[in-house]
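Report on the structure
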Amino acid sequence: FSKGGTLELGTSGFLRIDAAEGNVFVEMDGNHHNQLVEVEPGQLLVWELQHRGRRGVDTFIVSIGPESAKKKQGAFASDKTAWKTHRGEYKVPAGVHQIVFTITPHTASDGDIDSSHLLDNVKLYVKR
């Protein structure tokens, strides 16, 4: 289940940018993007994504956790010159069986939060 703002798919070459992996990347259109995930208490989750600013340096925020107690993982920035990999870890608290993974555009270099932030290769997995 995913909810939030809209996503636009771009193929390599769109905006003169190649995808970080494969042939398709995503442009976030403002707002936030949530993914509801079933988990087991005690699991150590790893999140990873590749981000690129569209016209300059764009920043975004990653939050993760139960809907009522999401924890901000930090604010992250990337410029328009290359894809940058960002990652973090999250330990699922006792008694929690469902979390929300959220990516939120924070700032855009040109001030237009609705046409910035390019994403590719978004992953959320259990660390083994």
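Heads up: the structure comes first, above all this text.
The structure reproduced in this document is the subject of the present report. (Residues numbered from 1 in each chain as written. Predicted model: local features only at pLDDT ≥ 70, side-chain atom pairs only at ≥ 80, totals over all residues. Heavy atoms only, no water.)

Moving on, we get to the pattern of salt bridges. Inspection of every chain in the model, using the stated rule, returns four salt bridges. Note that Arg 54 and Glu 27 form a salt bridge whose closest N and O atoms lie 2.4 Å from each other. Of this pair, Arg 54 sits in the loop between strand 3 (44–52) and strand 4 (58–65) while Glu 27 sits in strand 2 (residues 24–38); the two residues are 27 residues apart in sequence, bridging distant segments of the chain. Judged on exposure class, the residue Arg 54 and its partner Glu 27 are both buried. Notably, a salt bridge pairs Lys 127 with Glu 89, separated by 2.8 Å at the nearest N-O pair. Here Glu 89 lies in strand 6 (residues 84–91) and Lys 127 lies in the segment after strand 8 (118–126), a separation of 38 residues in the sequence. (Salt bridge = Lys/Arg side-chain N within 4 Å of Asp/Glu carboxyl O. Helix = DSSP H or I, 4+ residues; strand = E, 2+ residues; numbered from the N terminus. Buried < 20%, exposed > 50% of the residue type's maximum accessible area, 1.4 Å probe, protein only.)

Summed over all chains, the structure comprises five aromatic pairs. Relative to Phe 76, the ring of Phe 60 lies with its centre 5.6 Å away and its plane at 35°, an arrangement referred to as tilted. Of the two residues, Phe 60 is situated in strand 4 and Phe 76 in strand 5 (residues 71–78); the sequence distance between them amounts to 16 residues. Here Phe 60 matches Phe 76 in class, with each residue buried. Among the aromatic residues, those joined into a cluster by ring pairs are Trp 47, Phe 60, Phe 76 and Phe 101. (Phe/Tyr/Trp six-rings, centres within 6.5 Å; stacked < 30°, edge-to-face > 60°.)

In terms of nonpolar packing, the biggest core is built from 18 residues, with Val 39, Leu 45, Leu 49, Val 62, Ile 99 and Ile 103 touching the most fellow members. Mapped onto this core, the elements with two or more residues apiece are strand 2, strand 3, strand 4 and strand 7 (98–107). Those residues in contact with Ile 103, other than ones at most four positions away along the chain, are Met 28, His 32, His 33, Leu 49, Phe 60, Ile 61, Leu 119 and Val 122. (Core = buried A, V, L, I, M, F, W, Y, C linked by side-chain atoms within 4.5 Å. Contact = heavy atoms within 4.5 Å.)

With that settled, consider unusual backbone geometry. Even without a glycine there, the phi angle at Leu 15 is positive, about 60°. Among the secondary structure elements, Leu 15 is positioned in the loop between strand 1 (2–11) and strand 2. Look at Leu 15 and you get partly exposed, because its relative accessible area is 31%. At Asn 121, a residue that is not glycine, the phi angle is positive and equals roughly 55°.

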